[in-house]
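# Residue-level structural notes
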Amino acid sequence: MTRGADSGAFLGSARELQKQMVDRYYSSLQPGNERKPVAYMLVGGNLAEIVRAFGYEVVFPEIVALTCAIKHTSLDYILKAEAMGYGLDVCGYVKNDLGLQESGGETVFGKIPPPDLLVCSFSGCYVYVKWWEALAEKYGVPLVTFDVPYMRGPTPLKEDMAYMVAQLEEFISKLEKITGRSLDRQELRRILARSRAAEEGWVRFLQRGRERPSPIEAYFEAVFYMFPINVLRGTQEAVDFYEAVNRDVDRRIAERQYPVPTEKVRLVVEGVPPYPHYRTFWDFFKSWGAVSVAATYPKVGGLFDRGFLHDPARPLESIAEYSLGAYVNQSWPLRRAIIADYVKEYEADAVLIHGIKSCRSFTAGQGDLRDYVSRELGVPTLYIESDHQDPRYFAPAQVKNRMDAFFESLEHRRAVSHAAGVV
Ligand code: SF4
């Protein structure tokens, strides 16, 4: 079999636009530039629209951390945090952030300003609360915690919604006191309308993975394009970006520029990427002509492709639904159902699960997921474990061996099916 080679040209102008957008965002945070006060928040179920309506800029330490990892600088911060006493098994995002804060916020892509406000906007992982408490102790700024109950069924419970909306009203009153201004509810609606427009554009992009061959890479490429849906949601810049990305995907199809020259394996991918070895991991996929057609991780900032969109006509209710519906806030039966649907809707041949050593919140349960997908759905599944931040936990030769063996067995299965006249 001739293995697929890299066809990086498929990324085209969309990737260039994304890089410019990321640069603009970090430049806007630099000292000396006139900038807004900064609210630190967490990606899952975040309250970006509300803090924006109060004039804050949003910083997501998780996104800063993954940017450090992809730029191969996370280990310095992790070692600094370990020297401060944080153990080997503490989440890599937390250690990256606390080591970075101890280094005065200096990164290779600019200085990260300290927070003016800490919003622990999600409670799906208990680590969040401790992380935000450590930041509050260091900076002495207001800390607000938003308690989000787990989703126990496919739709939010009435009592959960009432609890969340009451917390949002309380949050708004606190922000009114802190900022000395009233919430402009019309402005909040305008921000939510822009969020919704960006979400629609993002979903159009993600659903292109249903085409054969897929014109998009729904894991590695989508990770680049998550930035605006998380960091810039609520701005016109995010809306315009997804329009440009979707135009670029049309261009790819016209020019026959696909993620791999010949699509051989269509994958659903579950789990956070190994950011310090992102390119190496991607190359392992490409060398077998494998493309991810759907992935769960790019949905951590919102399961917009599953029907939820922010609604300016129901501002607080829709923000509450958004937070409840965060991917990591779903029970395992719900997560399994999402993956089963993706396999069917995107006509995937196999599922690849990447477990994270230092993140139990995302990873616990993935062993059972592997058994469910391979035994109950009958879909070949590979489970690999490394870390999202710590380069010491990625063993390239071992990962490659396991992936080679997996893709070889898929080829063999296909050859046997062909011989038997099944396909
Ligand atoms: S443990 Fe996992 S979910 Fe919790 S902060 Fe770390 S990466 Fe996020």
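The present account deals with the structure reproduced in this document.

### Section: the overall build of the protein chain
Summing up its helical and strand segments, the protein chain has 16 helices and 10 strands in all. Against the globule reference of 22 Å for 423 residues, the protein chain gives a C-alpha radius of gyration of 21 Å, in line with a compact fold. Along the first, second and third principal axes, the C-alpha atoms of the protein chain reach 75 × 50 × 40 Å. Counting across all 423 residues of the protein chain, residues that qualify as buried make up 58%. In the protein chain, the share of contacts with a sequence separation of at least 24, taken over all contacts with a separation of at least 6, comes to 78%. As displayed, the protein chain has an accessible area near 16900 Å², and 52% of this comes from carbon and sulfur atoms. If the 51 positive side-chain charges of the protein chain are averaged to one point and the 55 negative ones to another, these points end up 2 Å apart.

### Here's the deal with the sheet that holds strand E10 (residues 381-386)
With respect to topology, 4 strands assemble into an open sheet ordered E8-E7-E9-E10, the strand pairing being parallel. Each end of this open sheet is capped by a strand with a single partner; those strands are strand E8 (290-295) and E10. Averaged over all pairs of adjacent strands, the angle between strand axes in this sheet comes to 30°, irrespective of strand direction. Taken together, the 6 bridges between strand E9 (residues 350-356) and E10 define a ladder with parallel strand orientation. Its bridge partner being in E10, Leu352 is matched across the sheet by Leu382.

### Things to note about the sheet that holds strand E5 (residues 117-120)
Pairing is parallel across the open sheet formed by 4 strands, whose spatial order is E2-E1-E5-E6. One side of each edge strand has no neighbouring strand; the edge strands of this open sheet are strand E2 (57-59) and strand E6 (143-145). Looking at each pair of strands side by side, their axes are set apart by 25° on average, direction ignored. Strand direction decides the pairing type here: strand E1 (residues 38-40) and E5, joined by 2 bridges, are parallel. Directly across from Ala39, in E5, lies its bridge partner Leu117.

### Points about the packing of helix H1 (residues 12-28) against helix H9 (residues 220-231)
A pair of packed helices is characterised by two quantities: the angle between their axes and the separation of those axes. Close contact between H1 and H9 brings their axes to 9 Å; oriented N to C, the two are set at 45°. Considering their axes alone, H1 and H9 lie oblique with respect to each other. Considering only the axes of H1 and H9, their crossing is left-handed. Taken together, the residues of H9 that come into contact with H1 (itself represented by Ala14, Arg15, Gln18, Met21, Val22, Tyr25 and Tyr26) are Phe224, Tyr225, Phe227, Pro228 and Val231.

### Comments concerning the side chain of Asp97
Its location among the elements puts Asp97 in helix H5 (residues 92-102). Of the side chains with opposite charge, Lys138 lies nearest to the buried Asp97, which makes no salt bridge, at 9.8 Å. Sequence-distant contacts of Asp97, that is, excluding residues within four places in its chain, are made with Pro61, Trp131 and Leu135.

### What to know about unusual backbone geometry
Look at the link from Arg212 to Pro213: it is a cis peptide, with omega at -5°. By the secondary structure assignment, Pro213 is in the loop between helix H8 (185-206) and H9. Phi at His72 is positive, roughly 60°, even though this residue is not glycine. Residue placement: His72 occurs in the loop between helix H3 (61-70) and helix H4 (74-83). Relative accessible area serves as the criterion here: at 63%, His72 is assigned to the exposed category.

### Thoughts on the nonpolar core
Formed by 149 residues in total, the largest nonpolar core has its most connected members in Phe281 and Tyr297. In terms of residue count, the dominant contributor to this core is H9 (9 residues).

### Quick word on the packing of aromatic side chains
One pass over the structure, following the stated rule, counts 29 aromatic pairs. Between Tyr26 and Phe227, the aromatic rings sit 6.4 Å apart at their centres with planes inclined by 50°, giving tilted as the arrangement. Here Tyr26 is found in helix H1, whereas its partner Phe227 is found in helix H9, with 201 residues between them in sequence. Across this residue pair, the class does not change: Tyr26 and Phe227 are buried. Relative to Tyr346, the ring of Tyr342 lies with its centre 5.7 Å away and its plane at 90°, an arrangement referred to as edge-to-face. Taken individually, Tyr342 and Tyr346 each receive the classification buried, so the pair is uniform in this respect. Grouping aromatic residues by their ring pairs yields a cluster made of Tyr219, Phe220, Phe224, Tyr275, Tyr278, Phe281, Trp282, Phe285, Tyr297 and Phe394. Its end group placed over the ring of Trp332, Arg335 keeps NZ or CZ at 3.9 Å from the ring centre.

So, how was this worked out
- As a convention, each chain's residues are numbered from 1 in the sequence order in which they are written.
- Note on the predicted model: pLDDT of at least 70 is required for a residue's local features to be given, and 80 or more for side-chain atom pairs to be given and counted; whole-chain, interface and lining totals, by contrast, use all residues.
- Side-chain numbers here rest on the full set of heavy atoms in the structure, without hydrogens or water.
- Only runs of H or I of at least four residues qualify as helices and only runs of E of at least two qualify as strands under DSSP, and these elements are numbered from the N terminus.
- For a compact globule the rule gives 2.2 Å times the number of residues to the power 0.38, and the radius of gyration it is set against comes from C-alpha atoms.
- Exposure classes here rest on a 1.4 Å probe applied to the protein chains alone. A residue is buried below 20% of its type maximum, exposed above 50%, and partly exposed in between.
- The contact criterion used throughout is that any non-hydrogen atoms of two residues lie within 4.5 Å.
- Note on areas: these come from Shrake-Rupley sampling with a 1.4 Å probe, and a residue is covered only by the protein chains present in the view.
- This count recognises Lys and Arg as positive and Asp and Glu as negative, with His and chain-terminal groups excluded.
- Positions of charges follow a simple convention, taking NZ of Lys, CZ of Arg, CG of Asp or CD of Glu.
- Pairs of strands are assigned from DSSP output, requiring at least two bridges between the strands.
- Lines fitted to C-alpha atoms define the axes here, with helix axes fitted over just the stretch in contact, and angles between the N-to-C directions of these axes take values from 0 to 180 degrees.
- If an angle is under 35 degrees, it is roughly parallel; if it is over 145, roughly antiparallel; if it lies from 65 to 115, roughly perpendicular; otherwise it is oblique.
- For any helix crossing, the convention is left-handed if the near helix is rotated counterclockwise from the far helix by under a right angle, and right-handed if that rotation is clockwise.
- Here, a salt bridge means any side-chain nitrogen of Lys or Arg that lies within 4 Å of a carboxyl oxygen of Asp or Glu.
- In these notes, a set of buried Ala, Val, Leu, Ile, Met, Phe, Trp, Tyr and Cys residues joined through side-chain atoms within 4.5 Å is what counts as a nonpolar core.
- Paired rings are identified among Phe, Tyr and Trp, the last through its six-membered ring, by centres lying within 6.5 Å, and are further divided according to the angle between planes into stacked (under 30 degrees), edge-to-face (over 60) and tilted (the rest).
- The rule is short: NZ of Lys or CZ of Arg within 6 Å of the ring centre and within 35 degrees of the ring normal puts a charge over the ring.

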